[in-house]
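As a plain string of letters, each chain reads:
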Amino acid sequence: MQELRIIGGRSLRGSVQISGAKNAALPALAACLLTNQTTTLSNMPDVKDVGSMCALLEALGARISRVNDSISVDTSNVDRHNAPHELVRKMRASVLVMGPLLARFGMAEVALPGGCTIGNRPIDLHIAAMKKLGADATLIKGDTHLTASTLKGARIYFDRPTVTGTENVMMAATAADGETLLENAAREPEVVDLAELLVKMGANISGAGTDTIRVIGGQLMKGATHEIISDRIEAGTYAVSAAMTGGIVTLTHMNPRMISSLLEKMRSAGCKVVETDTTVTISGLPPFKPVDISTAEYPGFPTDLQAQFMAMMCLADGEAVITENIFEDRFKHVPELNRLGAEIVIRGRSAFVRGVKNLLGAIVTASDLRASASLVLAGLAAQDETRILRIYHLDRGYYRMEKKLSALGADIGRIDGEGP
Ligand code: EPZ
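The rules we used
Residues numbered from 1 in each chain as written. Predicted model: local features only at pLDDT ≥ 70, side-chain atom pairs only at ≥ 80, totals over all residues. Heavy atoms only, no water. Near = heavy atom within 4 Å. Polar contact = N/O pair within 3.5 Å; in protein donor to acceptor, adjacent residues only side chain to side chain. Areas by Shrake-Rupley, 256 points an atom, 1.4 Å probe, with all protein chains shown as cover. Helix = DSSP H or I, 4+ residues; strand = E, 2+ residues; numbered from the N terminus. Buried < 20%, exposed > 50% of the residue type's maximum accessible area, 1.4 Å probe, protein only. Contact = heavy atoms within 4.5 Å. Phe/Tyr/Trp six-rings, centres within 6.5 Å; stacked < 30°, edge-to-face > 60°.

Novice: Account for the site of the ligand, naming residues and giving values.
Specialist: The environment of the ligand is formed by 22 residues, the closest being Arg92, Thr162, Thr164, Asp304 and Ile326. Take Asn23: an N or O atom from its side chain is 3.0 Å from an oxygen atom of the ligand. Within the backbone of Val163, an N or O atom sits 2.9 Å from an oxygen atom of the ligand. Taken by itself the ligand offers 830 Å² of open surface, and the protein chains cover 90% of this. For the shell around the ligand, the secondary structure elements donating two or more residues are α1 (22-31), α5 (124-132), α6 (163-173) and α12 (369-381). Per-element tally for the shell around the ligand: the top contributor is α5, with 3 residues.

Novice: I'd like a description of helix α10 (residues 306-313), backed by residues and values.
Specialist: Working note: α-helix, 3.6 residues per turn, so residues spaced by three or four point in the same direction. In terms of burial, α10 is a largely internal element, 8 of the 8 residues being buried. Three or more residues of α10 are buried, namely Gln306, Ala307, Gln308, Phe309, Met310, Ala311, Met312 and Met313.

Novice: Tell me about the environment of Leu198, residues and numbers included.
Specialist: Tracing the backbone through its elements, the reader meets Leu198 in helix α7 (residues 189-201). Leu198 sits in the buried class, given a relative accessible area of 0%. In sequence terms Leu198 and Met221 are 23 residues apart; their C-alpha atoms lie 8.1 Å from each other. Leaving out residues up to four positions away in the same chain, Leu198 has contacts with Ala31, Leu34, Met170, Met171, Ala203, Ile205 and Met221.

Novice: Let's hear about the packing of aromatic side chains: which residues, and what values?
Specialist: This model, assessed by the stated rule, comprises 1 aromatic pair. Here Phe301 and Phe309 contribute two aromatic rings whose centre-to-centre distance is 5.6 Å and whose plane-to-plane angle is 65 degrees, an arrangement assigned as edge-to-face. Accessibility classification places Phe301 together with Phe309 in one group, the buried group.

Below, the structure is given as structure tokens:
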């Protein structure tokens, strides 16, 4: 099993190019199923989850070709409509094929995603919305079988904003007769990016980025070419790496406004943040001022940056309270950070982080994608050597993180450790 080894204490300096967003790439790939023509997506990150989604599309009959950061998807031969459990279990975002399959073929079989390390991951809101559009849904041996002879526009209110739920229903609604209104919709930039792709494919969509999205269905969906947006979570991760190591790093090919909530919190913690339209230069030096955060739907503080900011607050001069409101179990990184010398106590949905002067290298284990990133950040700041096991979690959403960090001066390497 591969692991990362880090010798901490090196200040990061230089610039890092931010890759395309994993969470924009996944719905964009699923959207290719809406047409029988070829769609080409560029700025696609070479990360495991994108590979998994490509594998799922190929299992449905699509032909995929990749040239550098562009992926072309030919869906003319798609003739299967099921997302099997082994793929959905591996990657919950596989549920994103539900809406496109229903739209194009009138049927979709999607395994209910099991839980994962950040909590129960239901798709009840997705299914309820598909039923509102006229689909019948039955659960057969853990798979949801959806069928619809026709889809009819409807007014859909989400009990709570759901990112992939909004994306799934927006895609299904492109084939629904008449107008569909999505209310209490997710406002994430990745939702906006998907809507822009769907409009290029022929859809009539307005309001993406607000909590009310209108879709006028029935247009024939064509192939398109589209460059996906940069990864705001990757950008936020490298921003924290600069501050935690007492360095100065410029993030390029990104949009600072997509991480305003993080940048404001970093300024409050004492970091210097200089923005242009497409770059951010971050510098900082521990100890930081303790800053509380409470995760929320966009444009609030992103849950996907909670673990990374917690790592930073481990080096604050006082106590910070980190409250996680989106997922019920997204603190798996806490015991691992405590192994590195942090002093964090969890009470309900909040983690109380009492800053320490130094973190000390140790062997730690990654548990999920963003928790892994927080352990890397802590290892970069810790004294001596940190070894991070099970880094396949990290590879799901970060392309060769150790290469980008080495280029910034970190002493980090990937090695084959013990065990399968
Ligand atoms: C998306 O997941 C992202 N994944 C997640 O990123 C991100 O953490 C999450 O949005 C929140 O921002 C992708 O975009 C591929 P939700 P998603 O539906 O859509 C509950 C990463 O690290 N809910 O917005 O699955 C749900 O349990 C990943 O890149 C229901 O109850 O999240 C959660 O508590 C992790 N029923 C809340 O809503 C539903 O039908 C928000 O979930 C759907 C969701």
